[in-house]
Amino acid sequence: MQKSGSVKGKLLLLFIAVAWGSSMVVIKGSTDFIPPGMLLALRFTIASIILAIIYRKQLKLIDKDYIKAGLFIGVCLFGAYFTQTIGVMLEMPGKSHFLSSAYCVFVPFIGWLVLRERPKLYHIVAATMCAIGIIFVSVAGTFSISFGDSISILSSLFWAAQIIAIAKWGKDKDPGIITMLQFIVSAILAWTFTLTQETAGNVQINGEVVFGVLYLGIVCSGLCFLFQTISQKTESPTSVSIILSFENIFGIIFGMVFFNEQMTVNKAIGFVLMFAAILIAELQPSFLKSRKDREREAREKLAS
């Protein structure tokens, strides 16, 4: 039965979209005073503590299978956040946010390699539109993609890998515990990186850094995951995906407001194409489905 939805659920999802859209601005501002590895280490540590408190009654579920799943998923999550953070350090936050959010287009193709699930027609259409959008957003007059843009695109591949890792190793497991474990693994990797590769001399503790760390750890990680869990009790997956996809729009707005990010015609065309590709990948429109896919879905509906 299709969920009817609620005002509360939609408002929570909108809050998440705004928070995630603003996170790139906070990251770019914070990394002016604190190394990226340390920022991530503090963020993941705070988020892990929050989730451990929220899901303390489910901690008894943790066994070897949970630890294995958390390890694999956590490595992908750390790779996604680390490359995303480096990307936003090198480029404008709104642009980086859009490039790193192309993961939903890459998921079907990575899933094809790992889960042996062949991409459908709308996946191919969305991927093509996204690729063209990336060219409009990233390619300069010399038809070269900057290093920062390349890192942001790499981040989207890590995000796609993290989603596939959840599908492969997180299936039938408590989502709260899985999220907590992947945050713990990411925190350990981030602390390892910052203690071995970064120098404390680059750290400048001030109000902006404290706010950034707390905002990213408590709001963007801990609370947003909790709010998403609550909202998905009343909202359909389609509604969730559409509302959350607006984080890209908020990312551009925050980038223009706080960092004077310029909107060119090429960027605007690219953003529209990428956003349309994201909606196609999430909504799975019937007119972009092959006859075999429509017949298979009809059989599954009859069977259910």
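For the structure itself, look to the data block above.
Figured I'd write up the structure that's included with this text. No experiment lies behind these values; they were computed from the predicted model shown.

Rules of the game
- Residues numbered from 1 in each chain as written.
- Predicted model: local features only at pLDDT ≥ 70, side-chain atom pairs only at ≥ 80, totals over all residues.
- Heavy atoms only, no water.
- Salt bridge = Lys/Arg side-chain N within 4 Å of Asp/Glu carboxyl O.
- Buried < 20%, exposed > 50% of the residue type's maximum accessible area, 1.4 Å probe, protein only.
- Helix = DSSP H or I, 4+ residues; strand = E, 2+ residues; numbered from the N terminus.
- Core = buried A, V, L, I, M, F, W, Y, C linked by side-chain atoms within 4.5 Å.
- Contact = heavy atoms within 4.5 Å.
- Lys, Arg positive; Asp, Glu negative; His and termini not counted.
- Polar contact = N/O pair within 3.5 Å; in protein donor to acceptor, adjacent residues only side chain to side chain.

## Considering the pattern of salt bridges
And then number 1: If you walk through the whole model with that rule in mind, you get two salt bridges.
And then number 2: Residue Lys95 pairs with Glu91 through a salt bridge whose shortest N-O separation is 3.8 Å.
And then number 3: Using a relative accessible area of 8% as the deciding quantity, one classes Lys95 as buried.
And then number 4: Measuring nitrogen to oxygen at the nearest pair gives 3.0 Å for the salt bridge that ties Lys95 to Asp149. Of this pair, Lys95 sits in helix H4 (residues 93–100) while Asp149 sits in helix H7 (residues 147–169); the two residues are 54 residues apart in sequence, bridging distant segments of the chain. For the pair shown, Lys95 and Asp149 are each scored as buried.

## Side note on the nonpolar core
And then number 1: Of all hydrophobic cores here, the largest spans 25 residues; its most connected members are Leu40 and Phe44.
And then number 2: Every element with two or more residues in this core is listed here: helix H2 (36–54), helix H3 (64–90), H7 and helix H8 (175–197).
And then number 3: When residues of this core are assigned to their parent elements, the largest contribution, nine residues, is made by H3.
And then number 4: Beyond its immediate stretch of four places on either side in the chain, Phe44 contacts Leu77, Phe78, Tyr81, Phe183, Ser186, Ala187 and Ala190.
And then number 5: By size, the runner-up hydrophobic cluster in this structure holds 22 residues, among which are Ile153, Phe271, Ile278 and Leu288.

## Remarks on the environment of Leu42
And then number 1: Within the secondary structure, Leu42 sits in helix H2.
And then number 2: Assessed through its relative accessible area of 28%, Leu42 is described here as partly exposed.
And then number 3: Sequence separation between Leu42 and Trp191 is 149 residues, and the spatial gap between their C-alpha atoms is 8.3 Å.
And then number 4: Leu42 has contacts with Ile34, Trp191 and Val213, leaving out every residue within four places of it along the chain.

## A look at the side chain of Lys28
And then number 1: Relative to the helices and strands, Lys28 is located in helix H1 (residues 7–30).
And then number 2: An unpaired buried charge is present at Lys28: no salt bridge exists, and Asp32, the closest side chain of opposite charge, is 6.3 Å distant.
And then number 3: In terms of polar contacts, Lys28 uses its side chain to reach the backbone carbonyl oxygen of Met89, at 3.2 Å.
And then number 4: Once residues within four sequence positions are removed from consideration, Lys28 is found in contact with Val88, Met89, Leu90, Glu91, Met92, Pro93 and Phe259.

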